[in-house]
Amino acid sequence: MIKQDIKKILSSEDEKISTREAYGRKLAELGEIDKNIVVLDCDLSKSTRTAIFAKKFPERFFNFGLAEANMMSAAAGLATMGKIPFASTFGVFATKRACDQVSISIAYPRLNVKICATHTGISVGEDGATHQAIEDAAIMRSFPNMIVISPADGTETRKVIDEIYKYNGPCYIRLCRGNSPVLFNDNYEFKIGRGVKIMDGDKATLISAGFTTSITLEAAKTLEEEGIEVDMINMASIKPVDSEMIIESAKKTGLVITVEDHNVIGGLGSAVCEVLSEKYPVRVIRLGVQDKFGSSGSPAELIKAYGFDKDSIVKTVRENIPA
Amino acid sequence: MDSELKKKLQEKAKIIRQDIIEMLCEAGSGHPGGSLSIADVFSYLYFSGILNINPDNPSDKYRDRVVLSKGHACPVLYATLAEKGFFDKSHLKTLRKYGSILQGHPDMNKTPGVEMTTGSLGQGLSCSVGMALGARLDDLNINIIAILGDGECAEGQVWEAAMSASHYKLGNLVAIVDKNGLQIDGFTKDVMNSEPLADKWRSFGWEVFEIDGHDFDEIDYSIKSALSIKDKPVCIIANTIKGRGVSFMENVCDWHGKAPSEEEKEKALCDICNLKLED
Ligand SMILES: Cc1ncc(C[n+]2csc(CCOP(=O)(O)OP(=O)(O)O)c2C)c(N)n1
Ligand SMILES: [Mg+2]
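The following refers to the structure shown.

Reading the values: the criteria
Residues numbered from 1 in each chain as written. Chains lettered and ligands numbered in written order. Predicted model: local features only at pLDDT ≥ 70, side-chain atom pairs only at ≥ 80, totals over all residues. Heavy atoms only, no water. Helix = DSSP H or I, 4+ residues; strand = E, 2+ residues; numbered from the N terminus. Rg over C-alpha atoms; globule rule 2.2 N^0.38 Å. Buried < 20%, exposed > 50% of the residue type's maximum accessible area, 1.4 Å probe, protein only. Areas by Shrake-Rupley, 256 points an atom, 1.4 Å probe, with all protein chains shown as cover. Lys, Arg positive; Asp, Glu negative; His and termini not counted. Charge placed at Lys NZ, Arg CZ, Asp CG, Glu CD. Donors = N, O, S within 2.8 Å, 3.2 Å for Na, K, Ca; no water. Pairing = 2+ DSSP bridges. Axes fitted to C-alpha atoms, helices over the stretch in contact; angles between N-to-C directions. Contact = heavy atoms within 4.5 Å. Expected span 1.5 Å × (residues − 1). Core = buried A, V, L, I, M, F, W, Y, C linked by side-chain atoms within 4.5 Å. Domains from an automatic or database assignment. Phe/Tyr/Trp six-rings, centres within 6.5 Å; stacked < 30°, edge-to-face > 60°. Salt bridge = Lys/Arg side-chain N within 4 Å of Asp/Glu carboxyl O. Near = heavy atom within 4 Å. Polar contact = N/O pair within 3.5 Å; in protein donor to acceptor, adjacent residues only side chain to side chain. Nonpolar A, V, L, I, M, F, W, Y, C, P; charged D, E, K, R; others polar. Buried area = accessible area lost by both parts, 1.4 Å probe.

1. Details of the overall build of chain B
Part 1 of the argument: Helix and strand counts for chain B come out as 10 helices and five strands.
Part 2 of the argument: In terms of C-alpha radius of gyration, chain B reaches 17 Å, essentially the compact-globule figure of 19 Å for 279 residues.
Part 3 of the argument: Principal axes of the C-alpha set define a box for chain B whose edges measure 50 × 45 × 40 Å.
Part 4 of the argument: Residue burial in chain B is summarised as follows: out of 279 residues, 61% are buried.
Part 5 of the argument: By element, 49% of the accessible surface of chain B is carried by carbon and sulfur atoms, the whole surface being about 10,900 Å².
Part 6 of the argument: For chain B, the centre of its 31 positive side-chain charges and the centre of its 42 negative side-chain charges are spaced 2 Å apart.

This is how it looks when you write it as structure tokens:
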């Protein structure tokens, strides 16, 4: 059941927006209140939506062209000068092309760089494997000092950007290309390290983040109609993850299913497993990309083919709860 | 170049351009601008007979290798490979669809004739360096041709590759830069100026030719010269027009990564048909 206290933060509008668009708009707003905010991009500002900021504050926008490694270390340099750099490109390039630069120039010295990467997951669609970040959260999560946040909708994205703006340190924000339903209204509050439980049940725990949260919520509603009530948690904060909430729910349900548009190795599913295997071992089933590269296709086709569409989630719960 | 051959290459370029437009319209997404700008070079590479490329023997160890480092321009490669006979043309309409052999960016394991998986810009020249080194180790007298974008040349890795190619005196390696002056966020000179580009390649130890990338005589002369230079790598800077052949796409930034609608397709095909060719 949708939790009573949660209803006041859920959106009642029938609206859709991509998290990259919400990011671009929010960034342009923040630019107004703080002159120290600078934005960096690598020839993708139209796609990452940093172009909105660039248009408003051209003197605080730096296009590095096709040179992601250079951009990341330059962002680190700007941070040492007291600036607040937001560095954007696609997830694949932010985390893989510029991997060592992010690790050594940004994470290790714990510099205040906000890496906001768009086009993550196979939901990128037609561009195919080379442009679908399925390992970005895993890479970023493994860097000490780096926090990793994967917002589910436009509202959560705005709130996340507000929070990380106030937070002093390196962060990786995992944004998406495609439109997704607005789940939360403006009353919603995001806190680093906190999940939000949307539905309450005792048969299983569903945990998701990012693009898959709205799909998982739909699955949970379908299950409820069948009389299977589950805990449904949105865990935008992949690192630090909300251990308390995960353990509490696992204690109640005894079965946890994670859903993510990411390789099941190293992302949200792994983060949940790490918590539970040490503190309260229960069975965890990880839905997501099963250690395969992505491919071309429409986002909906791919999500179905890779096995984390609504039907696959419902089926997994149905087949694995105790009879 | 003899006029018979030139006519043939112009004809092939026309077919390649038409197929690019048709397949992108069908796919509903993809990259027309940078595909059209390099279509004449592709026509020359695959249909002039200059390279040893045989669709009946795609794994011939003596074949020449063409590496499309600017992988987003794969429609030009797919159209060329289909026209050459590497696979049936019916595949072109499956571009970017789920299960297709024609992925949004080149996949060497899915598409016959594709020599290297690319799409993350900046890597193809390094892969070509490896191929050239391997060919030399095995005494294979073959050519490796890498096609790069001018925006792509901002990647540091391109210059790491350039340095290693001249260090190892890779006379079997040719880089062709599709200098169409545009990338995604605007003109290359505004986004990240790479000029003087020819001087950069020269200073990295390469022989450089600067040509009109839509003039078959200049393409012919420069590639023949490049293949005859055996003591160092050669860079051909092909000055091109992004979107070449389609009036409303020419030199328009927005047509980097957008598919034509049905209506735009008709107009584009018409333009390509009427493209004025010099003799
Ligand atoms: C490493 C990397 N960064 C960013 C991109 C996204 N991207 C695709 S095409 C492109 C612009 C390429 O410009 P250019 O090399 O000039 O190609 P062309 O004009 O020939 O299309 C960009 C930024 C990419 N594919 N790879
Ligand atoms: Mg270009």
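2. Here's the deal with the coordination of the magnesium ion (ligand 2)
All names here are of chain B.
Part 1 of the argument: The protein atoms that coordinate the magnesium ion (ligand 2) are Asp-150 (OD), Asn-180 (OD1) and Leu-182 (O), at distances spanning 2.1 to 2.2 Å.
Part 2 of the argument: Mapping the donors of the magnesium ion (ligand 2) onto the primary sequence yields the spacing D-x29-N-x1-L. Of the two residues, Asp-150 sits in the loop between β2 (144-149) and α6 (156-167) while Leu-182 sits in the loop between β3 (173-179) and α7 (188-191), which places them 32 residues apart along the sequence. Each member of the pair, Asp-150 as well as Leu-182, carries the same accessibility label: buried.

3. A short note on the sheet that holds strand β11 (residues 231-234) of chain A
Residue and element names in this part refer to chain A.
Part 1 of the argument: Taken in spatial order, the five strands of this open sheet run β9-β11-β10-β13-β14, and their pairing is mixed. The strands lining the two open edges of the sheet, one partner per strand, are β9 (196-199) and β14 (283-289). With strand direction ignored, the average angle separating the axes of adjacent strands in the sheet is 25°.
Part 2 of the argument: Packed onto the sheet, helix α13 (residues 310-320) meets β10 (205-208), β13 (255-263) and β14 and runs at close to 160° relative to β14.

4. Notes on helix α8 (residues 154-166) of chain A
Part 1 of the argument: The terminal C-alpha atoms of α8 of chain A, which comprises 13 residues, lie 19 Å apart, in line with the 18 Å expected from a rise of 1.5 Å per residue.
Part 2 of the argument: Residues of α8 of chain A that are buried: Gly-154, Thr-155, Glu-156, Thr-157, Lys-159, Val-160, Ile-161, Glu-163 and Ile-164 of chain A.

5. Describing the sheet that holds strand β1 (residues 65-68) of chain B
Residue and element names in this part refer to chain B.
Part 1 of the argument: Pairing is parallel across the open sheet formed by five strands, whose spatial order is β1-β2-β3-β5-β4. Each having just a single partner strand, β1 and β4 (207-212) make up the two edges of the open sheet. Direction aside, neighbouring strands of the sheet carry axes that sit 20° apart on average.
Part 2 of the argument: Direction of pairing for β3 relative to strand β5 (residues 234-239): parallel, over a ladder of six bridges. What sits directly across from Asp-178, in β5, is Ala-238.
Part 3 of the argument: The sheet contacts of helix α3 (residues 39-47) involve β1, β2 and β3, and relative to β2 the element is tilted by about 170°.

6. As for the nonpolar core
Part 1 of the argument: Membership of the largest hydrophobic core comes to 61 residues, with the highest contact counts inside it found for Phe-86, Ile-198, Leu-206 and Val-317 of chain A.
Part 2 of the argument: Ranked by residue count, the leading element in this core is helix α9 (residues 212-225) of chain A, at five residues.
Part 3 of the argument: When residues of this core are assigned to domains, at least three map to each of domain 1 (7-11 + 188-320) and domain 2 (16-181) of chain A.
Part 4 of the argument: Leu-9, Val-76, Val-114 and Ala-268 of chain B belong to the second-largest nonpolar core, a separate cluster that totals 56 residues.

7. Section: the packing of aromatic side chains
Part 1 of the argument: Counted according to the given criterion, the structure contains nine aromatic pairs over all chains.
Part 2 of the argument: Ring plane angle 15° and centroid distance 4.2 Å describe the contact between Phe-184 of chain A and Tyr-188 of chain A, whose orientation is recorded as stacked.
Part 3 of the argument: Judged by centre distance (5.0 Å) and plane angle (45°), the rings of Trp-159 of chain B and Phe-204 of chain B are tilted. Note that Trp-159 of chain B is positioned in helix α6 and Phe-204 of chain B in the loop between α8 (197-203) and β4, a separation of 45 residues in sequence.
Part 4 of the argument: We classify Phe-204 of chain B as partly exposed; its relative accessible area is 24%.

8. Observations concerning the pattern of salt bridges
All names here are of chain A.
Part 1 of the argument: Within the structure shown, the criterion is met by 42 salt bridges over all chains.
Part 2 of the argument: Salt-bridge contacts for Asp-5 lead to Lys-3; the nearest nitrogen and oxygen are separated by 3.8 Å.
Part 3 of the argument: Here the salt bridges share partners, and the residues they tie into one network are Lys-197, Asp-200, Asp-231 and Lys-252.

9. Overview of the site of ligand 1
Part 1 of the argument: Near ligand 1 lie 25 residues; those nearest to it are Glu-68 of chain A together with Lys-70, His-72, Asp-150 and Lys-242 of chain B.
Part 2 of the argument: Chains contributing residues to the immediate surroundings of ligand 1 are chains A and B.
Part 3 of the argument: Contacts to ligand 1 include Lys-70 of chain B, whose side-chain N or O atom sits 2.7 Å from an oxygen atom.
Part 4 of the argument: With respect to ligand 1, the side chain of Lys-242 of chain B contributes an N or O atom lying 2.7 Å from an oxygen atom.
Part 5 of the argument: Coverage of ligand 1 by the protein amounts to 99% of the 590 Å² it exposes when considered alone.
Part 6 of the argument: Grouping the amino acids of the shell around ligand 1 by side-chain chemistry returns six nonpolar, 10 polar and nine charged.

10. So, the interface of chain B and chain A
Interfaces are often described in size by the accessible area the parts lose on coming together.
Part 1 of the argument: At the interface, 27 residues of chain B touch 23 residues of chain A.
Part 2 of the argument: The contact between chain B and chain A buries some 2,000 Å² in all, and 46% of this surface belongs to carbon and sulfur atoms.
Part 3 of the argument: If you sort the residues of chain B by the area they bury against chain A, Tyr-98, Glu-155 and Asp-185 of chain B come out on top, with a joint share of 31%.
Part 4 of the argument: Summed over the shared surface of chain B and chain A, the number is three salt bridges.
Part 5 of the argument: Its salt-bridge partner being Asp-254 of chain B, residue Lys-46 of chain A comes within 3.8 Å of it at the nearest N-O pair.
Part 6 of the argument: Applying the counting criterion to the chain B and chain A interface returns 17 residue pairs in polar contact (both at pLDDT 80 or more).
Part 7 of the argument: When the residues that make up the side of chain B that touches chain A are grouped by side-chain class, the tally is seven nonpolar, 14 polar and six charged.

11. Describing the environment of Thr-50 of chain A
All names here are of chain A.
Part 1 of the argument: Note on placement: Thr-50 falls in the loop between α2 (45-48) and α3 (51-56).
Part 2 of the argument: C-alpha of Thr-50 to C-alpha of Leu-27: the two residues are 23 residues apart in sequence and 7.5 Å apart in space.
Part 3 of the argument: In this structure, Thr-50 is in contact with Tyr-23, Leu-27, Val-39, Asp-41, Ser-45, Phe-61 and Ser-88, ignoring residues within four places of it in sequence.

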